[in-house]
Amino acid sequence: IDEPPHSFISNSLSVDAQTLQKQIDELSTFSDTPAPSVTRILYSDKDVLARRYIKNLMGLAGLSVREDAVGNIFGRWEGYELGLPAVATGSHIDAIPYSGKYDGVVGVLGAIEAINALQRSGFKPKRSLEIISFTSEEPTRFGISCLGSRLLAGGEALAKALKTTVDGQNISFLDAARFAGYAKDQDDLSSVFLKKDHYFGFVELHIEQGPILEEEGVSIGIVTAIAAPASIKVDFEGNGGHAGAVLMPHRNDAGLAAAELALAVEKHVLESGSIDTVGTVGILELHPGAINSIPSKSHLEIDTRDTDEKRRNVVIEKIHESAIAIARKRKAILSEFKIINQDPPALSGKSIIEAIEAASKELNLTHKFMISRAYHDSLFMARISPMGMIFIPCYKGYSHRPEEYASTQDMANGVKVLALTLAKLSLQ
Ligand code: GLV
Ligand code: MN
Ligand code: MN
Ligand code: MN
């Protein structure tokens, strides 16, 4: 088979951005909170409907669709050279509470449109092209981020832990998966693992979730590295009691222990001296949660990240020391300090970076190299395949909030770069 020159592909690529926009709007209606916010939690009714929507579009694009035991969805366009490792792309469609329509979704619906555009151009893939819609990139329900890609990349420990993992309502992971039609007759999730080099490369299209591309008027961000994320769960316990009757010297208020730890997180992060170190207490719950009752239990969830793994680990260590010291000082009990994940950063693959850069140049789109401060499924795909990411600008860098927005033009640019990148990798 004669391979068409890349310039032929780039000249004949037409992206249907209107249809893509319409699909993004439609998908956003599968939400548990009212527009413009989107809330789509793993294995909920809305998640199941959204999955059906994606599988239908994959089918319409002529892809063969498969799902694994945790509901990672794969849509495959078979290449003409059978047996070569495929080139994969994809992202996620779950959405944290009260977030927006674009995070993750652009990388799934945009991938389907990239494949459609390649098909319209007459392109024939040599290596197969595969789209992956990953299960639960967001940690909302079970506290585990990038659940699907972590497992794909061979998460033995995670596969084991998921057998006993429950959500906030005490519903087990396996029951929730079965509700959505997955993990049918198996408790063993090792069938999800993919071998190293199963894919020739992995590319993820995503909104930047930061302000740089928009501020600088650059169309395409080429990600060179993804920062190292970690998350921690902490519980304090005290005696609780009557808010009027128990005098101040006799209290061991679990709520104040939590408040003090939240401030300690900020302090330790700032002490790192680097703008790249961040820490957030996004969950802080008090029990029993009554105005006239001293909190007898408190629960915090702490997210901390850095481009430098060692520096982030120092912060985690200091947070731990603070938690112990605060409990001692307040005569409360530190009943749990659990590091849920403590992931290293990932570097993009040279081959993928080069393909994205060449595609951007051929399409006459301005580009810049950047790091991703948010994590993505690419962080875990990097464990089994060379990985790269394409960022597009988003309004004011807003993300994880309802005002998240990317223009149709910027999405069209991103989809074109993705399509051409996939074509190039497919022919290698
Ligand atoms: C993923 O959504 C992240 O928090 O980076
Ligand atoms: Mn997100
Ligand atoms: Mn995302
Ligand atoms: Mn994310």
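In this text, all values refer to a predicted model and were calculated from it rather than measured experimentally. (Residues numbered from 1 in each chain as written. Chains lettered and ligands numbered in written order. Predicted model: local features only at pLDDT ≥ 70, side-chain atom pairs only at ≥ 80, totals over all residues.)

**Q** Explain the overall build of the protein chain to me, using residue names and the numbers behind them.
**A** On a plain count of helices and strands, the protein chain comes out with 13 helices and 17 strands. C-alpha extents for the protein chain along the principal axes are approximately 85 × 50 × 40 Å. Looking at the 428 residues of the protein chain, the share that counts as buried comes to 49%. Of all intrachain contacts in the protein chain linking residues separated by at least 6 positions in sequence, the fraction that spans at least 24 positions is 79%. (Helix = DSSP H or I, 4+ residues; strand = E, 2+ residues; numbered from the N terminus. Buried ≥ 20, exposed ≤ 12 C-beta atoms within 10 Å, placed from the backbone. Contact = placed C-beta atoms within 7 Å.)

**Q** Which residues make up the domain arrangement of the protein chain, and what values do they have?
**A** By the assigned domains, the protein chain splits into domain 1 (6-227 + 346-427) and domain 2 (229-342). For domain 1 and domain 2, the distance between their C-alpha centres works out to 34 Å. Across the boundary between the two partners, domain 1 contributes 8 residues, which contact 7 residues of domain 2. Residue composition of the side of domain 1 that touches domain 2, by class: 5 nonpolar, 2 polar and 1 charged. (Domains from an automatic or database assignment. Nonpolar A, V, L, I, M, F, W, Y, C, P; charged D, E, K, R; others polar.)

**Q** Outline the nonpolar core, supporting the account with residue identities and numerical values.
**A** Counting residues in hydrophobic clusters, the biggest one holds 94 residues, and the most contacted among them are Ile390, Leu418, Ala419 and Leu422. One finds Ala254, Ala258, Ala264 and Leu334 within the second-largest nonpolar core, a separate group that totals 21 residues. (Core = buried A, V, L, I, M, F, W, Y, C linked by C-beta atoms within 7 Å.)

**Q** Before we move on, can you summarise the sheet that holds strand β14 (residues 333-342) with the specific residues and values?
**A** Pairing in this open sheet of 4 strands is antiparallel, and the strands run β11-β13-β9-β14 from one edge to the other. One side of each edge strand has no neighbouring strand; the edge strands of this open sheet are β11 (278-287) and β14. Across the sheet, the axes of successive neighbouring strands diverge by a mean angle of 15 degrees, strand direction being ignored. Strand direction decides the pairing type here: strand β9 (residues 228-237) and β14, joined by 8 bridges, are antiparallel. Paired with Ile232 across the bridge in β14 is Ile339. (Pairing = 2+ DSSP bridges. Axes fitted to C-alpha atoms, helices over the stretch in contact; angles between N-to-C directions.)

**Q** Can you break down the pairing of strand β13 (residues 297-306) residue by residue, with the values?
**A** For β13, a buried count of 8 out of 10 residues is recorded, marking the element as mostly surrounded by other parts of the structure. Relative to β13, β9 is paired through 10 bridges, and the arrangement is antiparallel. What sits directly across from Val234, in β13, is Leu300. Note: β11 against β13, 9 bridges, orientation antiparallel. Considered in β13, the bridge of Leu286 is made with Ser298.

**Q** Talk me through the packing of helix α2 (residues 17-28) against helix α4 (residues 105-120); I want residue IDs and the actual numbers.
**A** To characterise two packed helices, one gives the angle between the axes of the helices and the distance between these axes. For the pair α2 and α4, interaxial distance at closest approach is 10 Å and the crossing angle is 140 degrees. It follows from the interaxial angle that α2 and α4 lie oblique. Read as a crossing pair, α2 and α4 show a hand that is right-handed. Facing α2, whose interface residues are Leu20, Gln23, Ile24 and Leu27, α4 presents Val105, Leu109, Gly110 and Glu113. (Parallel < 35°, antiparallel > 145°, perpendicular 65-115°, else oblique. Left-handed = near helix turned anticlockwise from the far one by under 90°.)

**Q** Run through α4, naming residues and quoting values.
**A** Compared with an ideal rise of 1.5 Å per residue, which puts 16 residues at 22 Å, α4 spans 22 Å between its outermost C-alpha atoms and is within 8% of the ideal. One or two positions beyond α4, positive phi appears at Gly122, with a value near 90 degrees. (Expected span 1.5 Å × (residues − 1).)

**Q** I'd love a proper account of helix α3 (residues 45-60), names of residues and values included.
**A** With 16 residues, α3 extends 23 Å between its outermost C-alpha atoms, agreeing within 8% with the 22 Å of an ideal straight helix rising 1.5 Å per residue. Those residues of α3 lying buried are Asp47, Ala50, Arg51, Ile54, Leu57 and Met58. Buried residues along α3 cover an arc of 125 degrees about the axis, so they all sit on one side. Residues of α3 that are exposed and point over 90 degrees away from its buried face: Arg52, Asn56, Gly59 and Leu60. (Arc of directions from axis to C-beta.)

**Q** Hey, could you go over the environment of Gly143 for me, with residue numbers and the actual values?
**A** For Gly143, the position within the fold is in the loop between β6 (129-134) and α5 (147-152). Since 18 C-beta atoms lie within 10 Å of it, Gly143 is described here as partly exposed.

**Q** Describe in detail unusual backbone geometry, supporting the description with residues and values.
**A** In the segment running from Ala35 into Pro36, the intervening peptide bond is cis, with an omega of 5 degrees. Within the secondary structure, Pro36 sits in the loop between α2 and β1 (38-40). Cis geometry marks the peptide bond from His287 to Pro288; its omega dihedral reads 5 degrees. When you line up the elements, Pro288 lands in the loop between β11 and β12 (293-294). Of note, Ala183 is a non-glycine position whose phi angle comes to about 45 degrees, a positive value. Along the chain, Ala183 turns up in the loop between α7 (173-179) and β7 (199-207). With a phi close to 55 degrees, His400 is a non-glycine residue in the positive phi region.

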